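Here is how the chains run, residue by residue.
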Amino acid sequence: MLEIKNLHAGVDGKEILKGISLTINPGELHAIMGRNGSGKSTLANVITGRDQYDVTSGSVTYNGVDLLDMPPEDRALAGIFMSFQYPVVIPGVNNTYFLRTSLNAKLKHQGLNEINAADFMRLIREKLKLVNMDEKYLSRAVNDGFSGGEKKRNEILQMLTLEPALSILDETDSGLDIDALKIVAEGVNNFRNSERSFLAITHYQRLLEYMKPDRIHVLIDGKIVKSGDMTLAHELEEKGYSWLES
Amino acid sequence: MTQFKKQFEALLDYWPHEGSGLRSVRNTAFGRFKELGLPTKKWEEWQFTDFSDLKKSDFQLSWVDDLPNLPKEIPGRIPNTHLIFMINGHYQSQLSGLPEGLTVSTGLDHFNANPDEYNVNGNPFIALNTSMMNSGVSVAIENNAVIEKPIQVIYLMTDFSAPLMNHPRFNFDIGTNAEATIIEHYIGKSPTPHFVNSVSKIRVRENGIFSHIRLLETDGHGTYTATTKYQLNRDAQLNVTALASGGKLFRHDIELSFEGAGAEARLDGLSLTEKAQHHDQHVVVDHGNDACESHQLFKYILSDKASGVFNGKVVVREHTKQTNADQSNKNLLLSPKALMNANPQLEIYAEDVKCAHGSTTGQIDSEALFYLRSRGISKQKAIELIIGGFAKEIIDSVQNSDVKSYIDDKVTTWLESTMHHG
Ligand SMILES: Nc1ncnc2c1ncn2[C@@H]1O[C@H](COP(=O)(O)OP(=O)(O)OP(=O)(O)O)[C@@H](O)[C@H]1O
Ligand SMILES: [Mg+2]
């Protein structure tokens, strides 16, 4: 599904990703761990098409299609989604209207009819329950006045509504309280199936315990230095990252 | 200049039987205008705006002959409002069905009853207006009257073949304990240059509640200069929402003075400019009495090679107490060639004050843009959403739902057309 080969990328001539290779197959959930500043969010942003990062070499393909020349909206329409580490506040843009606009963009892209406001409300109420979110957040501007945890839930709400094939969760667990983390992890787990893939970036073992990743990768200074299964997560929890540094 | 003089003399000839009081005010005013001249870039409060086109132009005053056929449908009509309609400066009294509790009079009646209101202190445009005032109305809301529906005053410039000018004069007097909404609505629909130089004086008397909606809608052929003076008596409440869209040049001087304690004013403005349009707004809010509140929010959206000026001043006089004043100016540049000059100022001569002011100018937030696009929304639509969100705060300041949706539509239409040609 997603294939990254020897990816080098950076910003303003400074290299951040220094040769990343990673393959995620349909139905798999991969996790990336690594120190602050190691390049995890940069990788997520390069996959989703943030244009401030320059890719200097390597490739990223999605279902065999080169992603790197595609604008971000086309990547999204192709089924890629990122739950932002820092969701953005968009003043004056109503959360419901925003979500319906993005769902309709997807429906239109698939050649389907757009969803009207009433049907959308029915749909969104169902999804709200899954992330235990109050309806009042729908009438606010996007992420406006949301607490850290509420923003993260709003990201997952969007994921559940848009039903992407590949979801990148950039520290979705950071900022969630213990109960919320459980709810969100369950929401993601119920959403998993044999076709949907995930890349979960996290600092904490707890999320991984819930999600049971197929593969865990450790990113240090822009390179994947080690990959393994859950035992690697336990090892990191115990020993930290320094034993992996050359 | 000689053109203004010619037109002034023509006006005196056209109305030979005017009362001597008005005559002498006109003469004094024109004398003052001649003495001051049009503002130049050397004048501090006028330095960013170029009036040289006015000097070269050959605007003629509008006479009754210039009255075109009435349009089948009056443009800009907002549902559920009372109408006062002027076309090329000519008052269409037959169209104006008005409720009880208010009186509408034309310029001469108002002048005869309130000659003191016509002193010619101030800037050259006030003097010019006073010398040639030829249109406008005065609306007085009686004490204790509550006018439910908004009163829409449409000042339409349309359908003329030579450059036309008008100097409308408006007076809105809101009585003690009265409540009303007036929409002062300028519409310019003509490919021929025109010049509208208005002076509006608004008094809200004790405990009165007044919403003033000021709309300007035109394309790039009109020059609009305006002075709006608000005077608030004790415990009066004023809500202003101003939308200015288009105009080759728009200069608006807003002055607000608190003449009694406990009064409150909100001033919200949204300015939409594209092509080579230029908007210049100067606001002075004068806190000369205790326990008054003023809140200002002026936003500009500038596209193409448009330019904007915002100059806001809050003055808090010595010995006043419990003043609460804030002023905010936010500007969104949609093009690298658009230009904004902002200068918010506070002049505080008292101690018991709560004041804040600030100004920001920026482009579309690239993080917000990426966020929306990462959800499958096209770049164009995402930009429209962000700009619409920027404007929303001002639109939401309007309480009347018909007026609000009218303004909302205008902003959306402007946005769509600007995004498509740009
Ligand atoms: N737009 C940018 N401009 C300049 N430097 C950047 C930019 N984006 C990332 N960097 C730098 O690249 C490095 C990697 O950043 P990135 O956000 O990818 O780290 P991360 O692994 O996600 O860290 P964290 O765990 O703290 O979220 C950091 O040193 C960061 O400062
Ligand atoms: Mg990060």
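All figures in this text were calculated on a predicted structure; none of them were measured in a lab.

**Some points on the site of ligand 1**
Residues and elements named next belong to chain A.
Now for step 1: The local shell around ligand 1 holds 16 residues, among which G37, K40, S41, T42 and Y53 are the closest.
Now for step 2: Between ligand 1 and T42, the relevant distance is 2.5 Å, taken from an oxygen atom to a side-chain nitrogen or oxygen of the residue.
Now for step 3: The side chain of Q52 places a nitrogen or oxygen atom 3.2 Å from a nitrogen atom of ligand 1.
Now for step 4: If ligand 1 stood free it would expose 630 Å²; the protein chains cover 68% of that surface.
Now for step 5: Of all the elements in the fold, those that place two or more residues in the shell around ligand 1 are β2 (14-24) and α1 (40-48).
Now for step 6: Ranked by residues supplied to the shell around ligand 1, first place goes to α1 with three residues.
Now for step 7: For the shell around ligand 1, a count of residues per class yields three nonpolar, nine polar and four charged.

**Looking at the pattern of salt bridges**
Residues and elements named next belong to chain A.
Now for step 1: For the structure on display, the rule yields 28 salt bridges over all chains.
Now for step 2: In this structure, E126 engages K129 in a salt bridge whose closest nitrogen and oxygen atoms are separated by 3.4 Å. Of the two residues, E126 and K129 are both situated in helix α4 (residues 117-130); the distance of three residues between them amounts to about one turn of the helix.
Now for step 3: For E126, a relative accessible area of 46% corresponds to the partly exposed category.
Now for step 4: Residue classification places K129 among the exposed positions, given a relative accessible area of 59%.

**Quick look at the interface of chain A and chain B**
Now for step 1: Contact with chain A, which involves 29 residues of that partner, is made by 20 residues of chain B.
Now for step 2: Across the chain A-chain B interface, the total number found is two salt bridges.
Now for step 3: Across the pair R375 of chain B and E155 of chain A runs a salt bridge, and its minimum N-O distance is 2.7 Å.
Now for step 4: Applying the counting criterion to the chain A and chain B interface returns nine residue pairs in polar contact (both at pLDDT 80 or more).
Now for step 5: Those elements that provide at least two residues to the side of chain A that touches chain B are α1, α2 (72-77), β6 (80-83), β7 (90-94), α3 (95-109) and α5 (148-162) of chain A.
Now for step 6: When residues in the side of chain A that touches chain B are grouped by element, the largest group, five residues, is from α3 of chain A.
Now for step 7: The residue inventory of the side of chain A that touches chain B, partitioned by class, reads 18 nonpolar, eight polar and three charged.

**Focus on unusual backbone geometry**
Now for step 1: In this structure, N143 of chain A takes a positive phi of about 60 degrees despite not being glycine.
Now for step 2: Topologically, N143 of chain A is positioned in the loop between β8 (141-142) and α5.
Now for step 3: At N177 of chain B, a residue that is not glycine, the phi angle is positive and equals roughly 60 degrees.
Now for step 4: For N177 of chain B, the position within the fold is in the loop between β8 (169-174) and β9 (179-189).
Now for step 5: Relative accessible area serves as the criterion here: at 35%, N177 of chain B is assigned to the partly exposed category.

**Re the sheet that holds strand β4 (residues 54-62) of chain A**
Residue and element names in this part refer to chain A.
Now for step 1: Strand order in this open sheet of four strands is β2-β1-β4-β5, and the pairing throughout is antiparallel. Since the sheet does not close on itself, it has two edges, and those belong to β2 and β5 (65-66), each with one partner.
Now for step 2: With seven bridges joining them, strand β1 (residues 2-11) and β4 adopt antiparallel strand pairing. Bridge pairing in β4 links E3 to T61.
Now for step 3: Across the sheet, α1 touches β1, β2 and β4, and the angle it forms with β1 is around 110 degrees.

**Re the coordination of the magnesium ion (ligand 2)**
Residues and elements named next belong to chain A.
Now for step 1: At this site the magnesium ion (ligand 2) is bound by S41 (OG) and Q85 (OE1), with donor distances of 2.0 to 2.1 Å. Separated by 44 residues along the polypeptide, S41 in helix α1 and Q85 in the loop between β6 and β7 bring together distant segments of the chain.
Now for step 2: Exposure remark for S41: the relative accessible area of 22% places this residue in the partly exposed category.

**Describing the pairing of β6 of chain A**
Residue and element names in this part refer to chain A.
Now for step 1: Residues I80 and M82 point to one face of β6 and F81 and S83 to the other, with burial holding for every one of them.
Now for step 2: Looking at chain direction, β6 and strand β9 (residues 166-170) are connected through four bridges and run parallel. Bridge pairing in β9 places I80 opposite L166.

**What about the nonpolar core?**
One broad trend across soluble globular proteins is that nonpolar side chains are buried collectively.
Now for step 1: With 66 residues, the main nonpolar core has I4 and I47 of chain A together with I407 of chain B as its most contacted residues.
Now for step 2: The element best represented in this core is helix α7 (residues 379-395) of chain B, accounting for nine residues.
Now for step 3: Ignoring any residue separated from it by four or fewer positions in sequence, one finds I407 of chain B in contact with I213, L215, L243, I395 and V398 of chain B.
Now for step 4: F172, I202, L216 and V240 of chain B belong to the second-largest nonpolar core, a separate cluster that totals 51 residues.

**Here's the deal with the sheet that holds strand β19 (residues 323-333) of chain B**
All names here are of chain B.
Now for step 1: Reading across from one edge, β3-β2-β6-β9-β11-β13-β15-β17-β19-β21 is the order of the ten strands in this open sheet, with mixed pairing throughout. Strand pairing shows two members of the sheet lacking a second neighbour, β3 (90-91) and β21 (353-363), which therefore form its edges.
Now for step 2: Strand direction decides the pairing type here: strand β2 (residues 82-87) and β3, joined by two bridges, are antiparallel. In the strand pairing of β3, I87 is matched with H90.
Now for step 3: Seen against the sheet, α7 touches β13 (237-245), β15 (264-273), β17 (293-302) and β19 and runs at an angle of roughly 155 degrees to β17.
Now for step 4: Each of β9, β11 (209-218), β13, β15 and β17 touches helix α8 (residues 401-421); the most contacted strand, β11, lies at about 25 degrees to it.

Cut-offs applied
- Residues numbered from 1 in each chain as written.
- Chains lettered and ligands numbered in written order.
- Predicted model: local features only at pLDDT ≥ 70, side-chain atom pairs only at ≥ 80, totals over all residues.
- Heavy atoms only, no water.
- Near = heavy atom within 4 Å.
- Polar contact = N/O pair within 3.5 Å; in protein donor to acceptor, adjacent residues only side chain to side chain.
- Areas by Shrake-Rupley, 256 points an atom, 1.4 Å probe, with all protein chains shown as cover.
- Helix = DSSP H or I, 4+ residues; strand = E, 2+ residues; numbered from the N terminus.
- Nonpolar A, V, L, I, M, F, W, Y, C, P; charged D, E, K, R; others polar.
- Salt bridge = Lys/Arg side-chain N within 4 Å of Asp/Glu carboxyl O.
- Buried < 20%, exposed > 50% of the residue type's maximum accessible area, 1.4 Å probe, protein only.
- Contact = heavy atoms within 4.5 Å.
- Pairing = 2+ DSSP bridges.
- Axes fitted to C-alpha atoms, helices over the stretch in contact; angles between N-to-C directions.
- Donors = N, O, S within 2.8 Å, 3.2 Å for Na, K, Ca; no water.
- Core = buried A, V, L, I, M, F, W, Y, C linked by side-chain atoms within 4.5 Å.

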